[in-house]
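Structural overview for review
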Amino acid sequence: MFPSFSDQRSLCRASATPNGYFLLLLIISVLIINSAACSNRNCQVLDPCSLATDCGPGLYCGNCPAMGKNQPICTRGQATIPTTIINGLPFNKYSWLMTHNAFSIVDAPPLPGVQRITFYNQEDTVTNQLRNGVRGLMLDMYDFENDIWLCHSFRGQCYNFTAFQPAINTLKEVETFLSENPSEIVTIVIEDYVHTPKGLTNLFTNAGLVKYWFPVSKMPRKGEDWPTMTDMVQENHRLLVFTSIASKEADEGIAYQWRYMVENESGDGGVVQGSCPNRKESQPLNSKSASLFLQNSFPSFPVESDSCKEHSATLGELVGTCYKAAGNVMPNFLAVNFYMRSDGGGVFDVLDRMNGQTLCGCSTVSACQVCPLSLSQR
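For the chain, the name recorded in an unreviewed UniProt entry is PI-PLC X domain-containing protein, with Vitis rotundifolia as its organism.

**Some thoughts on the side chain of Thr243**
By secondary structure assignment, the location of Thr243 is in strand S8 (residues 239–243). Ignoring sequence-local partners within four residues, the contact set of Thr243 consists of Ile190, Asp192, Lys248, Ile254, Ala255, Tyr256 and Gln257.

**Re the pairing of strand S4 (residues 134–144)**
The element S4 is largely enclosed, with a buried count of ten among its eleven residues. Where strand S3 (residues 96–99) lies against S4, three bridges are found, and the strand directions are parallel. Paired with Leu97 across the two strands is Val134, which belongs to S4. Both S4 and strand S7 (residues 186–193) contribute to a ladder of seven bridges, which runs parallel. Within S7, the residue paired with Tyr142 across the bridge is Tyr193.

**So, the state of the cysteines**
Linking two cysteines covalently through their sulfur atoms gives a disulfide. What the rule picks out here adds up to seven disulfides. Between the sulfur atoms of Cys276 and its disulfide mate Cys322 the distance is 2.0 Å. Of note, the bridge from Cys276 to Cys322 carries an S-S torsion of about 95 degrees and is right-handed in sense. Linking Cys276 in the loop between strand S10 (261–263) and strand S11 (292–296) with Cys322 in helix H10 (residues 313–325), this pair joins segments that are 46 residues apart in sequence. For the pair formed by Cys276 and Cys322, the shared burial category is buried.

**Considering the pairing of strand S2 (residues 69–76)**
As paired elements, strand S1 (residues 59–64) and S2 share five bridges and run antiparallel to each other. When the bridges of S2 are listed, Leu59 appears paired with Arg76. Where S1 folds back on S2, the antiparallel hairpin that results is connected by four residues, among which Gly68 adopts a positive phi of roughly 75 degrees.

**A look at empty space enclosed by the protein**
Inspection of the entire model under this criterion finds two cavities of 30 Å³ or more. Estimated volume of the largest cavity: approximately 50 Å³. Ala79, Thr80, Ile81, Pro82, Ser95, Trp96, Leu97, Gly133, Leu351, Asp352 and Asn355 together form the lining of the largest cavity. At the level of elements, S3 and helix H11 (346–360) are the ones that each hand at least two residues to the lining of the largest cavity. Considering every element that reaches the lining of the largest cavity, the biggest residue donor is H11, with three residues. Among the residues forming the lining of the largest cavity, the class breakdown is six nonpolar, four polar and one charged. Of the volumes computed, that of the second largest cavity is approximately 40 Å³. For the lining of the second largest cavity, the element with the highest residue contribution is S2, accounting for four residues.

**Looking at the packing of H10 against H11**
Close contact between H10 and H11 brings their axes to 10 Å; oriented N to C, the two are set at 35 degrees. Crossing handedness for the pair H10 and H11: right-handed. Contact with H10, carried on its side by Leu315, Gly316, Val319 and Tyr323, involves Val347, Val350, Arg353, Met354 and Gln357 of H11 and no other residues of that element. Grouping the constituent residues of the contact of H10 with H11 by class yields six nonpolar, two polar and one charged.

**Observations concerning helix H5 (residues 199–206)**
Among the residues making up H5, those that are buried are Gly199, Leu200, Leu203 and Phe204. Looking straight down H5, one finds that the buried residues subtend no more than 120 degrees of arc, so they occupy a single side. Turning to H5, the residues buried within the fold contact S4, strand S5 (147–151), helix H4 (167–180), S7, S8 and helix H7 (248–252). Note on H5: the residue one or two positions beyond its end, Gly208, has a positive phi of about 75 degrees.

**What about unusual backbone geometry?**
One non-glycine residue, Asn40, lies in positive phi territory at about 50 degrees. By the element assignment, Asn40 lies in the loop between helix H2 (18–37) and S1. We classify Asn40 as exposed; its relative accessible area is 65%. In this model, Glu145 sits at a positive phi of 50 degrees, which is unusual for a non-glycine residue. Inspection of the secondary structure puts Glu145 in the loop between S4 and S5.

Each value, and the rule that gives it
- Residues numbered from 1 in each chain as written.
- Predicted model: local features only at pLDDT ≥ 70, side-chain atom pairs only at ≥ 80, totals over all residues.
- Heavy atoms only, no water.
- Helix = DSSP H or I, 4+ residues; strand = E, 2+ residues; numbered from the N terminus.
- Contact = heavy atoms within 4.5 Å.
- Buried < 20%, exposed > 50% of the residue type's maximum accessible area, 1.4 Å probe, protein only.
- Pairing = 2+ DSSP bridges.
- Disulfide = S-S within 2.5 Å.
- 1 Å grid on protein atoms, 1.4 Å probe; cavity = no way out; pocket = protein on both sides within 12 Å on 5 of 7 lines; lining within 4 Å.
- Points joined across faces, edges and corners; volume = space filled by probe spheres on them.
- Nonpolar A, V, L, I, M, F, W, Y, C, P; charged D, E, K, R; others polar.
- Axes fitted to C-alpha atoms, helices over the stretch in contact; angles between N-to-C directions.
- Left-handed = near helix turned anticlockwise from the far one by under 90°.
- Arc of directions from axis to C-beta.

Here is the structure:
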């Protein structure tokens, strides 16, 4: 309980005595020590901060005015990789962070002489996203300037004012990450507007990614479990690629997304509390014929400053609703905008709870290290 105002006045009167001076100096010293203790990467989640360097590893300094929280605090900026705690289970038993329009990055340079007119969804490079634990990338690919570009556009047409960069640049970032991290697996979901024959095949070949390709012929078609993470790594099948065009599965060997995964509605329709409808192209969420589940959790129009509120307690409630809609199946991918924005733990805490519940029946994945019950023991 805080002291009353009269108590504070008596303390001030006492401070006029020598003992009072000593007490005042002691209080000031404690305040200085406490203040100094939280700096130089010593600050933890929710600790006040003023500089990015105040916060510990995996944290960054930010605020959330959308929730009335203007004081900058240290918030989580990296995901817990669940396989570092429980490994060797089928791929579809884990939940991963996915970035919606991973390429649509604030401050990405426009084409020379062109002012970009489009929405942005992320704040850092794809390389940094992967380093922070993102393992799923949503990419919109278009034919543009005799090449394949990443573009945030409309009506299936890329324009110079909606274009970002050639897709191969981002795919080379993925290749570098997979090369440097031989135990990691990345999933790419393509919103596909490429009509050039064999366009995607040539793109992924030129990016050096074919050697990591998970073959369509080995993907489960009837809702069975996927291979284990261990087997996928050993066979170097560490890149899963899905397209929104069904014919490309036969033509190019690229998996048609909704044959292998269910997905809830994207945009505003996917963030209504208490509701989790399936996307129209998807089978019902509780279908047993697809063993992957993608949950979209982002509004139709991204607002950078609002994302911290979207990643607060309401995100966990949306996951719970979709979990029930899918017949008590946890989403494998949680797709969001501005993934680092939160009022503390954000999407990272939600993913920890998702993996904890699925992998060992615990409240968070870190508890799986000591929790007696895990999928591997059931």
